[in-house]
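Descriptive structure summary
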Amino acid sequence: MLHSTPIPALLEPIVEKIINGTRISDADGILLFEQGSLGLVGRLANHIKEKKHGDKVFFNRNFHIEPTNVCVFSCAFCSYSRLYANREEGWEMTIQQMVDQVKKYDGQPVTEVHIVGGVHPKMDLNFFADLLQAIKSHRSDIHIKAFTAVEYEYMFRKAKVSVEEGLKRLIAAGLDSIPGGGAEIFHPEIREQICADKVDADGWLNIHETAHQLGLHSNATMLYGHIEKYEHRIDHMRRLRELQDRTGKFQTFIPLKFRNKENDMSHVGESSHVEDMRLYAIARIYLDNFPHLKAYWPMLGRTQAQLSLSFGVDDMDGTIDDSTKIYSMAGSEEQSPTLTTDELTQLIRQVKRIPVERDTLYNEIRIYEA
Ligand code: V47
Ligand code: SF4
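Each value, and the rule that gives it
- Residues numbered from 1 in each chain as written.
- Chains lettered and ligands numbered in written order.
- Predicted model: local features only at pLDDT ≥ 70, side-chain atom pairs only at ≥ 80, totals over all residues.
- Heavy atoms only, no water.
- Helix = DSSP H or I, 4+ residues; strand = E, 2+ residues; numbered from the N terminus.
- Buried < 20%, exposed > 50% of the residue type's maximum accessible area, 1.4 Å probe, protein only.
- Arc of directions from axis to C-beta.
- Contact = heavy atoms within 4.5 Å.
- 1 Å grid on protein atoms, 1.4 Å probe; cavity = no way out; pocket = protein on both sides within 12 Å on 5 of 7 lines; lining within 4 Å.
- Points joined across faces, edges and corners; volume = space filled by probe spheres on them.
- Near = heavy atom within 4 Å.
- Polar contact = N/O pair within 3.5 Å; in protein donor to acceptor, adjacent residues only side chain to side chain.
- Areas by Shrake-Rupley, 256 points an atom, 1.4 Å probe, with all protein chains shown as cover.
- Core = buried A, V, L, I, M, F, W, Y, C linked by side-chain atoms within 4.5 Å.
- Pairing = 2+ DSSP bridges.
- Axes fitted to C-alpha atoms, helices over the stretch in contact; angles between N-to-C directions.
- Nonpolar A, V, L, I, M, F, W, Y, C, P; charged D, E, K, R; others polar.
- Parallel < 35°, antiparallel > 145°, perpendicular 65-115°, else oblique.

**What to know about unusual backbone geometry**
- Of note, F147 is a non-glycine position whose phi angle comes to about 65°, a positive value.
- As for its position among the elements, F147 is in the loop between β6 (143-146) and α6 (149-159).
- Classification of F147 as buried rests on a relative accessible area of 0%.
- A positive phi angle, close to 70°, is found at Y362, a residue other than glycine.
- Considering the arrangement of structural elements, one finds Y362 in the loop between β12 (354-358) and β13 (364-367).

Spelled out as structure tokens, the structure:
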């Protein structure tokens, strides 16, 4: 596979490990970030991706609901939230308004609703349990992937319930799985500078571990390309890899490229396209126990997401409609993040991959012609 490529002597033992399917160490991961060329890490990641999924690239049909952009927290990278004090600039939806959004998809073959928003002090555990129940009573077959660990930590603390109790209550109301947001960068050196006041690494990981123990699957993200160093990325992925060794219930790792418009970190430059692809590739190599790696095209841009399919990515999220505002507000080139299924499958076919529509749990719904 790699015989025609000259490999720097320092990286030879790491390449050997990867080809033999042996886990790489943290030091190996850092060395790949420091010394691995785009061509080398890309080919290695592609080798792993093809071993796991062949030429398949997954996507799902989903839509977003964002209950509010009012937030009690003040993450420096966030272009989306409006502090509670300034909430005249924000929106707050009622349960009825959100059920009406679900109704817009009546008769359409969407399989998932992704619910995520700011942390509004008045939207509590009861409100969200009622919301989930109302959605399920209208459409019982839809998979509800809802709320980040940040929202849960606040919701459960306010309701004075344990993580286990809170999650059980929401599962009874209709919760099916948990999205990967709020992870940002776990290492306190960085977390304290970019999102000091919200749930910390242990809290985030504990919520996901408890969810896994209760039978839910979840995803994990990493906000990269700002002030973090390579060792912080590896530290972040190590914590996820360790938890995954214990539970096996993470489905997808989703690197989120930091976008710098209209937030308190606008002075920080954005990562280059080459660095984005190297990150995807090294994540695919390091996270050997994660089944899937997702390129979230509304944040990355659709052409970059298409390119990432040669760097270890096997999932392109969904055909999201324009109800999500987080990314356009942060300066992504995707100002109206909508892709029809035809457009998405076309992007996948153009790079000689096979589009596969999946549900949230990666059951295959339809394999398209190559
Ligand atoms: O946690 C906020 C990120 C996340 C910016 O699980 C930013 O399937 C870049 O987690 N630049 C929320 N990123 C979204 C999220 C997600 C998205 C898609 C799919 C899934 C899934 C999860 O958005 C936040 C934060 O990391 N974010 N601001 C910004 N300026
Ligand atoms: Fe609030 Fe989430 Fe924005 Fe942080 S990233 S300020 S928690 S909406």
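**Some thoughts on helix α4 (residues 95-103)**
- By the burial criterion, the buried members of α4 are M98, V99, Q101 and V102. End-on, the buried residues of α4 take up no more than an arc of 150°, which puts them together on one face.
- Where α4 is buried, its residues contact β2 (62-65) and α5 (125-138).

**Thoughts on empty space enclosed by the protein**
- All chains considered together, the criterion is met by 3 cavities of 30 Å³ or more.
- In this structure, the second largest cavity encloses a volume near 60 Å³.
- If you go around the second largest cavity, the residues you meet are G118, V119, H120, M123, F128, E151, Y154 and M155.
- When residues of the lining of the second largest cavity are assigned to their parent elements, the largest contribution, 3 residues, is made by α6.

**Describing the site of ligand 1**
- Taken together, 24 residues surround ligand 1, and among them F77, K145, G180, G182 and E184 come closest.
- The contact in question runs from an oxygen atom of ligand 1 to an N or O atom on the backbone of G182, over 2.8 Å.
- Within the contact set of ligand 1, an oxygen atom lies 2.9 Å away from a side-chain nitrogen or oxygen of K294.
- Protein contact buries 96% of the 620 Å² of open area that ligand 1 shows by itself.

**Quick notes on the nonpolar core**
- Ranked by size, the top nonpolar core spans 101 residues in total, and within it I115, Y152, L170 and F253 carry the most contacts.
- Looking at this core element by element, the count peaks at 8 residues for helix α11 (residues 273-286).
- Not counting residues within four places of it along the chain, the set of residues in contact with Y152 comprises A146, F147, L167, L170, L175, I178 and I207.

**Quick word on the sheet that holds β12**
- With mixed pairing, the 4 strands of this open sheet are ordered in space as β11-β1-β12-β13. Of all strands in the sheet, those bounded by a partner on one side alone are β11 (315-318) and β13. Going from strand to strand, the sheet's axes swing by 25° on average, the running direction of each strand aside.
- Taken together, the 3 bridges between β12 and β13 define a ladder with antiparallel strand orientation. Paired with V356 across the two strands is I367, which belongs to β13.
- Against the sheet, helix α15 (residues 341-350) engages β1 (56-60), β11 and β12, with an angle of about 160° to β1.

**Quick word on the pairing of β2**
- Here β2 shows no split at all, with N62 and H64 on one side and F63 and I65 on the other all buried.
- Note that β2 and strand β5 (residues 112-115) share 4 bridges and pair parallel. Looking across to β5, one finds that N62 is bridged to E112.

**Brief notes about the site of ligand 2**
- Taken together, C71, F73, C75, F77, C78, Y80, S81, G118, V150 and K198 make up the full set of residues near ligand 2.
- For the shell around ligand 2, the per-class residue count stands at 7 nonpolar, 2 polar and 1 charged.

**With respect to the side chain of H53**
- Relative to the helices and strands, H53 resides in helix α3 (residues 38-53).
- Since its relative accessible area comes to 14%, H53 is described here as buried.
- A polar contact of 2.8 Å, which involves the side chain of H53, links it to the backbone oxygen of P291.
- Other than its neighbours up to four places away in sequence, H53 contacts F58, P291, H292 and D314.

**Regarding the packing of α5 against helix α7 (residues 163-173)**
- Across the interface, α5 lies against α7 with an axial gap of 8 Å and an inter-helix angle of 25°. By the angle class used here, α5 and α7 are roughly parallel. Between α5, through L125, N126, F128, A129, L132, Q133 and K136, and α7, the contact on the second element is made entirely by G166, R169, L170 and A173.
- By residue class, the composition of the contact of α5 with α7 is 6 nonpolar, 3 polar and 2 charged.

**Considerations on the environment of D314**
- With respect to the secondary-structure elements, D314 resides in the loop between α13 (302-308) and β11.
- Note on D314: relative accessible area 0%, which makes it buried.
- For the pair D314 and H226, spaced 88 residues apart in the sequence, the C-alpha separation amounts to 25 Å.
- Excluding residues that lie within four positions of it along the chain, D314 makes contacts with K49, H53, K56, V57, F58, R284, P291, H292 and L293.
- A polar side-chain atom of D314 sits 2.6 Å from a polar atom in the side chain of H292.
- A distance of 2.9 Å separates a polar side-chain atom of D314 from the backbone nitrogen of L293.

None of the figures reported here should be taken as evidence of function without further support.
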